[in-house]
Amino acid sequence: MATRSGRNLSNGDLQGAADAEKEMLLNNDSEPEEDTLFDRPTSADGQLHIDGKISSVRIQIKEVTDVMRDNVQRVMERGDRLEDLQLASDRLTSAGDEFREAAKRAQRRAWMQHMRTRIIIAIITITAILCIIVLDIWVLYLVVR
């Protein structure tokens, strides 16, 4: 067992730990509750049982960490997709507004052209009627004379 800063560590703990974790375990002072836990006398069989529990807890922690990393990645991707959807929605809104304005302009143009056509037809009709009336009056004038 390695002893440092009042903490007892098994060789299995040191071998199984990553370099950064080893340094943290050896350099950091432990809390009083941890000191009493690690200072308890254990038999060789009990130490293997504790090492097995520690390794299973480490495996569980690694699994939970992997799941959390995956969840964080999914949340970030979801955020990116939401931003893309927001941009697409903004583009569609502006395109819809432009389309609405263009449709109003086209409708006004069509109405104006329709009115021009009606005015032209009315002018032609009035002109034709006036010509007929003027010719009839002229003919009557010539006949009466």
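Residues numbered from 1 in each chain as written. Predicted model: local features only at pLDDT ≥ 70, side-chain atom pairs only at ≥ 80, totals over all residues. Heavy atoms only, no water.

(A) Highlighting the pattern of salt bridges. According to the stated counting rule, one finds four salt bridges in the structure shown. Note that Arg69 and Asp66 form a salt bridge whose closest N and O atoms lie 3.9 Å from each other. Separated by three residues within a single helix, Arg69 and Asp66 lie in helix α4 (residues 44–144), roughly one turn from each other. The exposed category is assigned to Arg69, whose relative accessible area is 57%. By relative accessible area, Asp66 is classed as partly exposed at 34%. (Salt bridge = Lys/Arg side-chain N within 4 Å of Asp/Glu carboxyl O. Helix = DSSP H or I, 4+ residues; strand = E, 2+ residues; numbered from the N terminus. Buried < 20%, exposed > 50% of the residue type's maximum accessible area, 1.4 Å probe, protein only.)

(B) Examining a positive patch on the surface more closely. A grouping of Lys104, Arg105, Arg108 and Arg109 is seen on the molecular surface, where their side chains present a positively charged patch. Of note, Lys104 is situated in helix α4. (Patch = residues over 30% accessible without salt bridge, like charges linked within 9 Å, V, L, I, M, F, W, Y side chains within 5 Å. Areas by Shrake-Rupley, 256 points an atom, 1.4 Å probe, with all protein chains shown as cover. Lys, Arg positive; Asp, Glu negative; His and termini not counted. Charge placed at Lys NZ, Arg CZ, Asp CG, Glu CD.)

(C) Just a negative patch on the surface, in detail. Together, Glu77, Asp80, Glu83 and Asp84 line one region of the surface with negative charge. Note on placement: Glu77 falls in helix α4. What makes Glu77 partly exposed here is its relative accessible area of 36%.

(D) Representation of the UniProt feature "transmembrane region" (unreviewed entry) in the protein chain within the structure. Taking the numbering used here, the UniProt-annotated feature "transmembrane region" (unreviewed entry) corresponds to residues 119–144. Strand forms 0% of residues 119–144 and helix 100%; the C-alpha atoms that close the span are 37 Å apart. (UniProt positions renumbered as here; feature names shortened; annotations may be inferred.)

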